[in-house]
Amino acid sequence: MLDERAGQAAASLLEPLSAEQRARLIKAMREVDRLLTAAEVTIEPVDPDHEHARYCRNAYYAEICRRFEQGFDPDAGIPAEGDRCARRPVCCSWSTCVGCRSAAARCGSPPGEPAHFRRMWVDDSARGLGIGRRLLVELESRAAAHGCDTVALETNRALTEAIAMYRSAGYVEVEPFNDEVHAHRWFTKRLGTRPSAASRS
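One structure accompanies this document, and this report is about it. Because the structure is predicted, anything quoted here is derived from the model rather than measured.

## Notes on the overall build of the protein
Tallying secondary structure elements over the protein gives six helices and seven strands in all. Scanning the protein from its N terminus toward the C terminus, one meets helices and strands in the order α-α-β-α-β-β-β-α-β-α-β-β-α. Buried residues in the protein amount to 39% of all 201 residues. For the protein, contacts bridging at least 24 residues in sequence account for 63% of all contacts bridging at least 6. If you sum the accessible surface of the protein, you get close to 11,900 Å²; carbon and sulfur atoms cover 52% of it.

Have a look at this one:
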């Protein structure tokens, strides 16, 4: 009965609106819903063997295997799992939750060396909410807290949205610094520097 009354009240409010106005209202309500969802997102460290981390890792592999020209073989590239990266002294594994698992990233480096960010991914359902940038900022903050003054990362040319985000966040493209077989672009950033006007454009 309450649902029926609520539906009738909503219908009475919408009745004076034209079809175009109703469409605009629905679009605005969807935007409000997405912004409220973004406000509820939390970023926290999790163990790389946690079910959320495994979910993100498997979904990440499946997506980039579809998007990379030559597919993706995790055994062919530089490892970023288990004891070889995720449990090194300066390292974080992250899972960002929007209803369910939606984003993950890893960073690792021995003390005194640049922090190396790897496996950064946001699920399709959570894209456009600014989660990727928040995740990147959080990782940079953690790296700085561990004494790192530089961040390094590499990416595939197919990930154009990631490349655009790195550049707008102040990352500078450099010569290859490793032999990652799936990478075409390498970037570094001095922590504490702000992106230039050119990198934001």
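Still to come is the rest of the account.
## Here we look at the environment of Asp124
With respect to the element layout, Asp124 can be found in the loop between β4 (115-122) and α4 (131-145). As a C-alpha pair, Asp124 and Glu63 span 61 residues in sequence and 9.9 Å in three-dimensional space. At a separation of 2.7 Å, a polar atom in the side chain of Asp124 contacts the side chain of Arg127.

## With respect to the layout of surface pockets
Approximately 660 Å³ is the volume attributed to the largest pocket. Lining the largest pocket are 32 residues, and of these Met120, Trp121, Leu159, Ala162 and Tyr166 lie nearest its centre. At the level of elements, α3 (51-67), β4, α4, β5 (150-155) and α5 (160-168) are the ones that each hand at least two residues to the lining of the largest pocket. The element contributing the most residues to the lining of the largest pocket is β4, with six residues. Residue composition of the lining of the largest pocket, grouped by class: 17 nonpolar, six polar and nine charged.

## Topic: the packing of aromatic side chains
All chains considered together, the criterion is met by six aromatic pairs. Pairing Tyr60 with Phe72 gives two aromatic rings, centres 6.4 Å apart and planes at 75°, and the pair type is edge-to-face. Placement of Tyr60 in helix α3 and of Phe72 in the loop between α3 and β2 (91-98) is noted, with a sequence separation of twelve residues between them. When sorted by exposure, Tyr60 lands in the same class as Phe72, which is buried. Taking 5.8 Å as the distance between ring centres and 55° as the angle between the ring planes, the aromatic pair formed by Tyr166 and Tyr171 counts as tilted.

## A short note on the nonpolar core
The biggest cluster of nonpolar side chains holds 27 residues, and the ones touching the most others in it are Phe117, Leu136, Tyr166 and Tyr171. Apart from the residues lying within four places of it in its own chain, the contact partners of Tyr166 are Met120, Leu136, Leu153, Thr155, Tyr171 and Phe187. In terms of nonpolar packing, the next biggest core, distinct from the first, is built from six residues, Val41, Val122, Ala126 and Ile131 among them.

## What about the side chain of Ser168?
Examined against the element boundaries, Ser168 turns out to sit in helix α5. Of the residues examined, Ser168 reaches a relative accessible area of 17% and is grouped as buried.

## Points about the pattern of salt bridges
Tallied over the full model, the rule gives twelve salt bridges. Glu154 serves as the salt-bridge partner of Arg118, at 3.0 Å between the closest nitrogen and oxygen. Of the two residues, Arg118 sits in strand β4 while Glu154 sits in strand β5, which places them 36 residues apart along the sequence. There is no split in this pair, since Arg118 and Glu154 are both buried. In this structure, the salt-bridge partner of Glu138 is Arg142, at a minimum N-O distance of 3.5 Å. In this pair, Glu138 and Arg142 are both assigned in helix α4, four residues apart and thus about one turn of the helix distant. Several salt bridges converge on common partners, so that one network encompasses Glu63, Arg67, Asp124, Arg127 and Glu161.

Conventions used here
Residues numbered from 1 in each chain as written. Predicted model: local features only at pLDDT ≥ 70, side-chain atom pairs only at ≥ 80, totals over all residues. Heavy atoms only, no water. Helix = DSSP H or I, 4+ residues; strand = E, 2+ residues; numbered from the N terminus. Buried < 20%, exposed > 50% of the residue type's maximum accessible area, 1.4 Å probe, protein only. Contact = heavy atoms within 4.5 Å. Areas by Shrake-Rupley, 256 points an atom, 1.4 Å probe, with all protein chains shown as cover. Polar contact = N/O pair within 3.5 Å; in protein donor to acceptor, adjacent residues only side chain to side chain. 1 Å grid on protein atoms, 1.4 Å probe; cavity = no way out; pocket = protein on both sides within 12 Å on 5 of 7 lines; lining within 4 Å. Points joined across faces, edges and corners; volume = space filled by probe spheres on them. Nonpolar A, V, L, I, M, F, W, Y, C, P; charged D, E, K, R; others polar. Phe/Tyr/Trp six-rings, centres within 6.5 Å; stacked < 30°, edge-to-face > 60°. Core = buried A, V, L, I, M, F, W, Y, C linked by side-chain atoms within 4.5 Å. Salt bridge = Lys/Arg side-chain N within 4 Å of Asp/Glu carboxyl O.

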